[in-house]
Amino acid sequence: MSWLQRHIRPEQIRELSLLLLIIVAVLFFGSMIDGYYTSRTFNRIVSSIAIITIVAVGQTLVVLTRNIDLSVGSIVGCTAYAVGTVLGHYPGISPLLAVVMAVALGSLIGVVNGALVAWGRVPSIIVTLGTLAIFRGLLVDLSNAKTVTTDSLPPWLVNLPRLNMFSLFGLDIPALFLMSVIVVLIFHLGASYLSLGRRFYAIGSNPDAAALIGLPIRRLVFLAFVLSGSLAGLAGFVTLARFGNITVESGRGLELQVVAAVVVGGVNIFGGSGTVIGAMLGAIMIGTLEQSLYRLQISEFWRDAILGLLILLAVASDAVILQRLRALWGRADLKYVAPAGKPSLEGAHIP
Amino acid sequence: MTVLGRLKSWEGLLLAVLVAVVAMNVVRSPYYLGVTNIANLFQLEIEKIIVALIMTLIIINGEIDLSVASVMGLSACVLAWLFQMGTPLPLAIIAGLLSGLAAGLFNGFWVAYVGLPSLAVTLAGLIGFRGIARILVEDRAIGGFPLWFNTMGQQPVLGPMTASIAIFFVLFAIIVVVLHRSALGRLVYVIGNNAQAARYSGVRVKRVKMALFAASGVVAALAGILYAARLGSVRGDMATGFELDVITMVLLGGVSIFGGSGNLVGVGLSILVILNLRNGMGLANITGNTQTSVIGALLILSVLVPNMAQVLQSSWKGRNT
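Residues numbered from 1 in each chain as written. Chains lettered and ligands numbered in written order. Predicted model: local features only at pLDDT ≥ 70, side-chain atom pairs only at ≥ 80, totals over all residues.

### So, the overall build of chain A
When helices and strands are tallied, chain A shows 14 helices and two strands. Within chain A, the fraction of its 351 residues that count as buried is 45%. (Helix = DSSP H or I, 4+ residues; strand = E, 2+ residues; numbered from the N terminus. Buried ≥ 20, exposed ≤ 12 C-beta atoms within 10 Å, placed from the backbone.)

This is the structure in structure tokens:
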């Protein structure tokens, strides 16, 4: 036990247990559904979660700083529509430029959110509730209710969702899924090991202390919103590639799924703890559940009820189990420190 | 407080905005001041403003209830499902209200007794209760309710007022008394300001929170049933997304999202501003989506402008001393 306690943090146990839960879910569905273990099932699940995963990464950064970004659904809709329209008019645009356009537009919207939260001192839930409505309204007005259709898009984009990068154990890895995994890895490593990344945790877990040691809180919060916006922009590009037909309603309600993935993934809604990988696991859990319940021929109407229950269980286990684990770890740390000749903390009050 | 001080307060600002909006509407449309239009103005958003009243209490208490729109859908679907199975409608209505109570108690249990954040709990509720509603009704539209039920939602009963509008005013009076004239109301503020201090001074924080979430469930269920009566039919996705409008109304009314401050006069004025703004824009042929963006902008500005004024004021003072 003490070896375990020295090498693994309680938060990592949380992620391992989520991973275990996903495996249990897959085994369960595998025993219920004939022909479940096929590359088709895998493909369905991973292509369904690429969008939510990318947005959830940005949302994680924002939530870490004790804020929330509810406008991501509108950002995804706006960028998907805008890039789709531009590609419809100028089909010669290179793929790279299209991605850059989507990310740039998304981060521009993120700048608005971030400036209002950081320097306007308006609570993020108010700002993003407002911009959720504003950006969606602008999209509907500016578009004249026209839609982007698949046949107006260049062939490389339409074929992108079916493009597989390589095979792993007989499973084809779609390019869009690979992209979301790369995004997750970059941001996970950045948030875990870069000093910039640790600062997001610092201002979320104790804003007063972070201010006292001189962290530029406003700039960091601003940056989190810009990153969230740019990732939502990237997800807008993926949405365009995946669905082809983009209406002004595209991405509506996505913010709830994303917040759900983040919360299931163990990111504390009050900031300061949780990881990007956790958020991805949350998205995978939800995606697996959704696609498998669909395959199980369970009426689609059951999915939401089960999803709601799952979120509640995730949050409850986070609060109750993690608290216990932390207490256990805390005591173990003290026992471990004491014999090494360092100042003993025995007798100190341990809650 | 002096007259000037009162006008400089949040409510004063809202009142000024309200007067401006009404004046603009009167000038722009000859139909605006008609009794039918005034009644219509309330009627079109009546369910949301009923829920906004109870949401005010929840937010002042330092919590949030994102599940209200799904509870509205749930109660209406419970009612419709039972009605379709042959239950007499009055019984079905009671069952609908009870389903709201159950949903509220469920939220309250996790928030008050387990201590989970209400944002996460009611987000789960938002998805889960909607799921239950859709299990019951699937993708059907259930209608064919008795005439009296539809009449209740659609026809004026008290002068130009429909039953829903009358219920709104009664509820408004009740909640004003509870929040501003009762011991419970003081507790709501005290807990919102500092729940821990309240607990140490012997306030039964858990019980108050539980009661508020239960009340939120019942009121949302009532609003859902009134919505069903107004539309004359029930679908699984009815009232989807209403929670955002409801929260906007409350926050625009000057209630702090962090709890502990705000009052019903402000929320009442903010409801009037939003209703008149929407109505005026509707009369001027501005689409629903633009209306929503304008209200979204108003929500942000309502917090941004006072903040900026404060920043400017303090930097001005800093220069003088």
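### What about the overall build of chain B?
The helix and strand tally for chain B stands at 15 helices and four strands. Projecting the C-alpha coordinates of chain B onto the three principal axes gives extents of approximately 75 × 60 × 30 Å. Burial status across chain B gives 48% buried among its 321 residues. At a minimum sequence separation of 6, the contacts of chain B that also span at least 24 residues come to 77%. (Contact = placed C-beta atoms within 7 Å.)

### A short note on the nonpolar core
Counting residues in hydrophobic clusters, the biggest one holds 198 residues, and the most contacted among them are A:Val55, A:Val263 and A:Ile311. In terms of residue count, the dominant contributor to this core is helix α12 (residues 205-231) of chain B (16 residues). Aside from chain neighbours lying at most four places away, what touches A:Ile311 is A:Ala260, A:Val263, A:Val264, B:Leu123, B:Ala124 and B:Ile127. (Core = buried A, V, L, I, M, F, W, Y, C linked by C-beta atoms within 7 Å.)

### As for the interface of chain A and chain B
Contacts between chain A and chain B engage 38 residues on the former and 37 residues on the latter. Those elements that provide at least two residues to the side of chain A that touches chain B are α6 (124-143), α12 (254-264) and α14 (301-337) of chain A.

### Considerations on α6(A)
Residues and elements named next belong to chain A. Compared with an ideal rise of 1.5 Å per residue, which puts 20 residues at 28 Å, α6 spans 28 Å between its outermost C-alpha atoms and is within 8% of the ideal. Of all 20 residues making up α6, 15 are buried, and the element is well covered by its neighbours. Just beyond α6, the residue with positive phi is Asn-144, at close to 55°. (Expected span 1.5 Å × (residues − 1).)

### A short note on the pairing of strand β1 (residues 164-168) of chain A
Residue and element names in this part refer to chain A. Of all five residues in β1, zero are buried, a share of ten percent or less. Sheet topology note: the β1/strand β2 (residues 171-174) ladder contains four bridges and is antiparallel. Its bridge partner lying in β2, Leu-168 is registered against Leu-171. (Pairing = 2+ DSSP bridges.)

### Looking at the environment of A:Ile13
With respect to the secondary-structure elements, A:Ile13 resides in helix α2 (residues 10-32). With 232 residues separating them in the primary sequence, A:Ile13 and A:Asn245 have C-alpha atoms 41 Å apart.

### Details of the environment of B:Gly12
Residues and elements named next belong to chain B. Within the element layout of this structure, Gly-12 appears in helix α2 (residues 10-28). Looking at Gly-12, the number of C-beta atoms within 10 Å reads 15, which means it is partly exposed. Between the C-alpha atoms of Gly-12 and Phe-213, which are 201 residues apart in sequence, the distance is 31 Å.

### With respect to unusual backbone geometry
Keep in mind that most residues, glycine aside, have a negative phi and that most peptide bonds are trans. Within the chain, A:Arg121 stands out as a residue other than glycine whose phi angle is a positive 55°. Mapped onto the elements, A:Arg121 comes out in the loop between α5 (95-118) and α6.

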